[in-house]
Amino acid sequence: MERRIDERTLILPALYLIGEKPGIRTSELIEELTEYFQPEGEDAKILAGRTDTKFSQKVRNLKSHRDSNGMAEWTVYKDGAYTLTEAGRSYLECRGLSEALKNLGHNGFSYDTMQEIVDRVGKSGARKKWIIYDETERITEGALGVKEQKVKSRSRKLREAAFAHYREADGHVRCAVCGFDFQEAYGELGTDYIELHHERPICQYSDEGVEQILERAVENIRPLCANCHRMIHRDRKRHITVEELRRNYRGR
């Protein structure tokens, strides 16, 4: 059954974008949210006699329903432009939502996945603070040299768990698409080196220990060589799956 987005699911990413671009107009918000979610199916269809899609009409409804959907509390809408209120800024900051939504939005996940995760974040309790791991921050060893220590520690533990999960009988970790083995190709220099691709977002509540998420997180990670990883993300808006890339791979 096709998943359709609802107006409520648009509120959190709309607040994030308004915070990033104070004074953003509805037309720009439609453009940004369309880029963020990449709507498909029924939501991407043009309404009869209109230039709006069903998705963009729901974005417009954020303004027309603002007295009942919370936008009146969290935003000011004046002269056709949105800015956050103090309550809106506090709402995003206290739950760590700005960073979480930023990380979720640029990794090319499917429309269904984006809806599911944003909806789950929105339904979580007000005291829940979300961490959504950014794939681009941990694709290679040492990529977090300038990041805060907590982020480095989370990423290191996730990487270690992924290597333990995918290490083969000979101790090597190979690309899940082409089978490339850095250790075989480069000797000691290539030991325990490979990029990690997130097939689904890796999400964590801030009060949840990293060990609690590792077992389920590694199931959504695949080891990839740099070439295969870039092919999966070649379309910046939506990455293809590991299985799709395997079907296209002609190296063997």
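Residues numbered from 1 in each chain as written. Predicted model: local features only at pLDDT ≥ 70, side-chain atom pairs only at ≥ 80, totals over all residues. Heavy atoms only, no water.

(A) Inspection of unusual backbone geometry at higher detail. You will see that Asp-79, though not glycine, has its phi angle at about 55°, which is positive. Structurally, Asp-79 is set in the loop between strand S2 (75-78) and strand S3 (81-84). According to the relative accessible area criterion, Asp-79 is exposed, its value standing at 66%. The residue Asp-192 is not glycine, and still its phi comes out positive at about 55°. (Helix = DSSP H or I, 4+ residues; strand = E, 2+ residues; numbered from the N terminus. Buried < 20%, exposed > 50% of the residue type's maximum accessible area, 1.4 Å probe, protein only.)

(B) Spotlight on the packing of helix H1 (residues 7-20) against helix H8 (residues 111-123). Orientation of H1 relative to H8, taken along the N-to-C sense of each, is 80°, at an axis distance of 9 Å. Here H8 runs roughly perpendicular to H1, going by the angle between their axes. Of H8, the residues touching H1 (which contributes Arg-8, Thr-9, Leu-12 and Pro-13) are Gln-115, Val-118, Asp-119, Val-121, Gly-122 and Lys-123. The residue inventory of the contact of H1 with H8, partitioned by class, reads four nonpolar, three polar and three charged. (Axes fitted to C-alpha atoms, helices over the stretch in contact; angles between N-to-C directions. Parallel < 35°, antiparallel > 145°, perpendicular 65-115°, else oblique. Contact = heavy atoms within 4.5 Å. Nonpolar A, V, L, I, M, F, W, Y, C, P; charged D, E, K, R; others polar.)

(C) Helix H2 (residues 26-37), seen in detail. Over its twelve residues, H2 runs 16 Å from end to end, which matches the ideal 16 Å to within 8%, given 1.5 Å per residue. By the burial criterion, the buried members of H2 are Thr-26, Leu-29, Ile-30, Leu-33, Tyr-36 and Phe-37. Buried residues of H2, viewed axially, fall in a sector of 130°; they line one side. (Expected span 1.5 Å × (residues − 1). Arc of directions from axis to C-beta.)

(D) Inspection of the sheet that holds S2 at higher detail. The antiparallel open sheet is built from three strands, whose spatial order is S1-S3-S2. Strand pairing shows two members of the sheet lacking a second neighbour, strand S1 (24-25) and S2, which therefore form its edges. Sheet analysis places S1 next to S3, joined by two bridges and oriented antiparallel. Each residue of the ladder has a partner; that of Arg-25, found in S3, is Ala-81. (Pairing = 2+ DSSP bridges.)

(E) Region of interest: the pattern of salt bridges. One pass over the full model with this rule turns up 18 salt bridges. Notably, a salt bridge pairs Arg-4 with Asp-43, separated by 2.7 Å at the nearest N-O pair. Note that Arg-4 is positioned in the segment before H1 and Asp-43 in the loop between H2 and helix H3 (54-64), a separation of 39 residues in sequence. For Asp-43, a relative accessible area of 0% translates into the label buried. For Glu-168, the salt bridge goes to Arg-174, with nearest N and O atoms at 2.7 Å. For Glu-168, a relative accessible area of 38% corresponds to the partly exposed category. Connected through shared salt-bridge partners, Glu-168, Asp-170, Arg-174 and Asp-181 make up one network. (Salt bridge = Lys/Arg side-chain N within 4 Å of Asp/Glu carboxyl O.)

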